[in-house]
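What follows is the residue order along each chain.
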Amino acid sequence: MVEKANSGHPGMPMGAAAMAHTLWSRFLKHNPKNPTWPDRDRFILSAGHGSALLYALLHLCGYQVTLDDLKNFRQKGSLTPGHPEYRHTPGVETTTGPLGQGLATGVGMAMAERSLAATFNRPDFAVVDHFTYGIVGDGDLMEGLSHEAASLAGNLKLGKLIFFYDDNHISIEGDTSITFSEDRAARFRAYGWQVIEVADGNDCTAIAAALTFARSDLEHPTLIAVRTHIGFGSPAKQDSAAAHGAPLGADEIIKSKNNLGFPTAPDFLVSDEVYAGYGEVKERGLKSEAQWLEMMLAYKAKFPELATEWERRLAGELPVDWEKSLPRFPVDEKGIATRAASGKMINALAEILPELLGGSADLGPSNKTLIDTATDFSAPDFSGRNIRFGVREHAMGAILNGLVLHRGLRVFGGTFMVFCDYMKPAIRLAAMMGLPVVYVFTHDSIGVGEDGPTHQPIEHLASLRVIPNLNVIRPADANETVAAWVAALQRKDGPTALILTRQNIPTLAEIAENAALKVSRGAYVIIGEDERDADITLIGTGSELALAVQAAATLQKEGIKVRVVSMPCWALFDHQSKAYRDTVLPAGGRRLVIEAGSSMGWHRYAGEKGDIIAIDQFGASAPACELFQQFRITVEEIVRRARAACSR
Ligand SMILES: Cc1ncc(C[n+]2csc(CCOP(=O)(O)OP(=O)(O)O)c2C)c(N)n1
């Protein structure tokens, strides 16, 4: 495959073939004819650069991946792209390639399995009862993320999580000893994992024995550390970095095939014997799912309500009328912090949506992410809905992806907004995979105050907004916060970041009615809707909208015709019809944007004649109200700049 594509990574697939074959042909519970069977075992190739191995397995097992698809490896439009892509290739459970994320995503899947089992399983009815398997390489284990994820998995005693470690001692720059000399087995044992070592990566009997042993321990996740040889069989390139990421070369391929006792021609040869062997996998898969379906029929008869709930949750549908009893906040000048409004919303939602669970990276009390009536998700109590992620933002991001990928759950994860950078790679994958994860990012600007510039997001809004398919919603008060949650939960095809204040902000009269509809449009006029020929339009988000409203009152007294637009979400606004966008921001009008963050990107909405009040430098440590003065995010500044704009 790699040779034909003239690019890719041959070494990992050649070295890890025996462990993958043993798992897929003898242990993995899956039905290639139905890659979405809910109780299948999950498999994650965390070392995603070894994608050729996964595609070959999918083909052999009878997934909809043909020999021609293998021949088209890495080509435009093929089913077999460079790295595995979720929703692209049947049987690929998650997108991998960014090293370390696959392991953490697997932890999320194993947590989902435990959570759903705790809810739906009954004696003699194992509705959810599967393993989560995967393969990590040296690169995965070098990444800090692997520490975060493995530590949490050990703490949670995720005994049905089993990863192979492709321990081949080679990465791109050569022998791993140049950077990576700790005792990996001891490290994982210290996390609370069971570690099984297999000395010969081609000993299928030893690998099978390790798998059997791993599966018998339901108290500890297992790492099966297998000593492998990158590029196994290649006379010139085995055990060298040369086998990692470039084709071996036509001559070396012939030599390798000779060395391994394979026919040298034709290319892409699968013997009848191999197909016949994997035929049994297909048969077994069909039988396993049929048995499960039969059990589910009996389950449905015995537990009809549970069965209906199971089907609803798997389909990702929200309960009928779920929006009927959501919190509403009275107009109030003192108001409430949007993080607090979000906390009330989470608690209201927890009553309505049993599938909702989540937590924070050790900031639950600050992020207001705790569900008051729920217990912790923990080894003795997997029915718990408060996930304690610990100070592990990156793992939290990838675990959230795994929880959603499994299906059956809706999830959220919180941290201080400034630390969203620690989880960006996982947010990016959620957006790429179209997963409806909700991020609760609180403490959203210099409003953080005394904690100072390290804790005050400046460039973060801009950097989140540029991620394709991520909806970034910065609500302007408590009712917009409720509406933002509604928009996030209604989404099925991508994640949403909620950007919330630490400090109280007024609950505005202009927003109180129909907030959900308004926020779902991304931007809407809150003052001066009929004034299409206004002298100036003020555009605000989050805590700055209330300042714009106050400034508008002053300007109106001076005879200036003002419109005020609340713009909680660029992405939602960009998806509206041109006609709607033109009613909100009529062409040619003067505009002034106010947001306590980087101005980057706002020029698109401010227009040619527009002005932007923003913060393009790091913040400072002081009480928040003094910082808003210092950085000129004030009513006076808005009035001054609006007047100046109108006189130009
Ligand atoms: C986060 C991240 N950093 C860097 C890379 C680029 N990269 C791909 S494979 C690799 C080396 C991985 O080494 P190892 O896991 O030992 O793979 P092997 O050489 O055994 O194939 C690197 C640095 C990546 N894919 N993801």
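Please read these numbers as outputs of a predicted model, since none were measured by experiment.

The rules behind each value
- Residues numbered from 1 in each chain as written.
- Predicted model: local features only at pLDDT ≥ 70, side-chain atom pairs only at ≥ 80, totals over all residues.
- Heavy atoms only, no water.
- Helix = DSSP H or I, 4+ residues; strand = E, 2+ residues; numbered from the N terminus.
- Rg over C-alpha atoms; globule rule 2.2 N^0.38 Å.
- Buried < 20%, exposed > 50% of the residue type's maximum accessible area, 1.4 Å probe, protein only.
- Areas by Shrake-Rupley, 256 points an atom, 1.4 Å probe, with all protein chains shown as cover.
- Pairing = 2+ DSSP bridges.
- Axes fitted to C-alpha atoms, helices over the stretch in contact; angles between N-to-C directions.
- Contact = heavy atoms within 4.5 Å.
- Phe/Tyr/Trp six-rings, centres within 6.5 Å; stacked < 30°, edge-to-face > 60°.
- Lys NZ or Arg CZ within 6 Å of the ring centre and 35° of its normal.
- Near = heavy atom within 4 Å.
- Polar contact = N/O pair within 3.5 Å; in protein donor to acceptor, adjacent residues only side chain to side chain.
- Parallel < 35°, antiparallel > 145°, perpendicular 65-115°, else oblique.
- Nonpolar A, V, L, I, M, F, W, Y, C, P; charged D, E, K, R; others polar.
- Domains from an automatic or database assignment.
- Buried area = accessible area lost by both parts, 1.4 Å probe.
- Salt bridge = Lys/Arg side-chain N within 4 Å of Asp/Glu carboxyl O.

A. Fine view of the overall build of the protein chain. Helix and strand counts for the protein chain come out as 25 helices and 20 strands. Taken over the C-alpha trace, the protein chain has a radius of gyration of 27 Å; the compact-globule value for 648 residues is 26 Å, and the two agree within 12%. Taken over the C-alpha atoms alone, the protein chain extends approximately 90 × 60 × 45 Å along its principal axes. Looking at the protein chain residue by residue over its 648 residues, the buried ones come to 59%. For the protein chain, the computed accessible surface area is about 25,300 Å², with 53% contributed by carbon and sulfur atoms.

B. The arrangement of the sheet that holds strand β11 (residues 410–416) in detail. Spatial ordering of the open sheet is given by β10-β9-β11-β12-β14-β13, a layout of six strands whose pairing is parallel. The open sheet has two edge strands with one neighbour each: β10 (386–388) and β13 (471–473). On average, each strand axis in the sheet is tilted by 20° relative to the strand beside it, whichever way the strands run. Two strands pair when backbone bridges link them, and β13 and strand β14 (residues 496–499) are joined in this way by three bridges, in the parallel orientation. By the bridge assignment for β14, Ile 473 is matched with Leu 498. Running over the sheet, helix α13 (residues 338–352) touches β9 (356–360), β11 and β12 (438–442) and is turned about 145° from β9.

C. Layout of unusual backbone geometry. Note the cis peptide between Ala 265 and Pro 266, where omega equals -10°. Among the secondary structure elements, Pro 266 is positioned in the loop between α10 (250–260) and α11 (272–302). The phi torsion at Lys 368 lies on the positive side, around 60°, for a residue other than glycine. You can see Lys 368 is positioned in the loop between α14 (364–367) and β10. Among the residues examined, Lys 368 registers a relative accessible area of 33% and is labelled partly exposed. Residues other than glycine seldom take positive phi values, yet Arg 407 does so here, at roughly 80°. Its place among the elements puts Arg 407 in the loop between α15 (393–406) and β11.

D. Here's a closer look at the packing of aromatic side chains. Taken as a whole and assessed by the stated rule, the structure comprises 21 aromatic pairs. Consider the rings of Phe 125 and Tyr 299, whose centres lie 5.8 Å apart with planes at 50°: the pair is tilted. Here Phe 125 is found in the loop between α5 (101–120) and β2 (132–137), whereas its partner Tyr 299 is found in helix α11, with 174 residues between them in sequence. Consider the rings of Phe 188 and Tyr 191, whose centres lie 5.3 Å apart with planes at 80°: the pair is edge-to-face. Tyr 191 carries the same exposure label as Phe 188, and that label is buried. An aromatic cluster is built from Trp 570, Phe 573, Tyr 580, Trp 602 and Tyr 605, whose rings are joined through pairwise contacts. Directly above the aromatic system of Phe 180 lies the positively charged group of Arg 184, at a separation of 4.1 Å from the ring centroid. Its end group placed over the ring of Tyr 580, Arg 521 keeps NZ or CZ at 4.5 Å from the ring centre.

E. Main features of the site of the ligand. Taken together, 15 residues surround the ligand, and among them His 49, Gly 139, Asn 168, Ile 170 and His 244 come closest. Between the ligand and Gly 97, the relevant distance is 2.8 Å, taken from a nitrogen atom to a main-chain nitrogen or oxygen of the residue. Residue Leu 99 places a main-chain N or O atom 3.0 Å away from a nitrogen atom belonging to the ligand. Calculation on the ligand without its partners gives an accessible area of 590 Å², and the protein chains cover 74% of this total. Counting only elements with at least two residues in the shell around the ligand, the list comes to α6 (138–142) and β4 (170–171).

F. Here's a closer look at the pairing of β2. The buried fraction of β2 amounts to six of the six residues, a majority that puts the element mostly inside the structure. The two faces of β2 match: Thr 132, Gly 134 and Val 136 on one face and Tyr 133, Ile 135 and Gly 137 on the other face are all buried. In terms of strand pairing, β2 meets strand β3 (residues 161–167) through six bridges, oriented parallel. Note on β3: the bridge partner recorded for Gly 134 is Phe 163.

G. Up close: the pairing of β3. Here β3 lies mainly inside the structure; seven of its seven residues are buried. Two elements, β3 and strand β7 (residues 222–227), share six bridges in a ladder whose sense is parallel. Paired with Ile 162 across the two strands is Thr 222, which belongs to β7.

H. Local environment of the packing of α11 against helix α12 (residues 304–315). Running from amino to carboxyl end, α11 crosses α12 at an angle of 125°, the nearest separation of the two axes being 5 Å. In terms of axis orientation, α11 runs oblique to α12. On α12, the residues that touch Trp 292, Met 296, Tyr 299, Lys 300, Ala 301 and Lys 302 of α11 are Pro 304, Leu 306, Ala 307, Trp 310 and Glu 311. Looking at the contact of α11 with α12 residue by residue, the class counts come to eight nonpolar, no polar and three charged.

I. Representation of the domain arrangement of the protein chain. Assigned domains of the protein chain: these are domain 1 (10–230 + 237–242 + 265–287), domain 2 (332–507) and domain 3 (522–647). Centre-to-centre separation of domain 1 and domain 2, based on C-alpha positions: 30 Å. The interface is formed by 31 residues belonging to domain 1 together with 30 residues belonging to domain 2. Here domain 1 and domain 2 share an interface that buries about 2,500 Å² over both sides, 68% of which is from carbon and sulfur atoms. Our count for the domain 1 to domain 2 interface comes out at eight residue pairs in polar contact (both at pLDDT 80 or more). Breaking the side of domain 1 that touches domain 2 down by element, the ones donating at least two residues are α5 and α7 (144–155). Top element by residues in the side of domain 1 that touches domain 2 is α5. It accounts for 13 residues.

J. Focus on the pattern of salt bridges. Applying the stated criterion across every chain yields a total of 31 salt bridges. Ionic pairing is found between Lys 29 and Asp 39, a salt bridge with its closest N-O pair at 2.7 Å. Here the residue Lys 29 occupies a position in the loop between α2 (11–27) and β1 (42–45), and Asp 39 occupies one in the loop between α2 and β1, the gap between them amounting to 10 residues. When its relative accessible area of 3% is taken as the criterion, Asp 39 is described as buried. Across the pair Arg 632 and Glu 637 runs a salt bridge, and its minimum N-O distance is 3.5 Å. With a relative accessible area of 5%, Glu 637 lands in the buried category.

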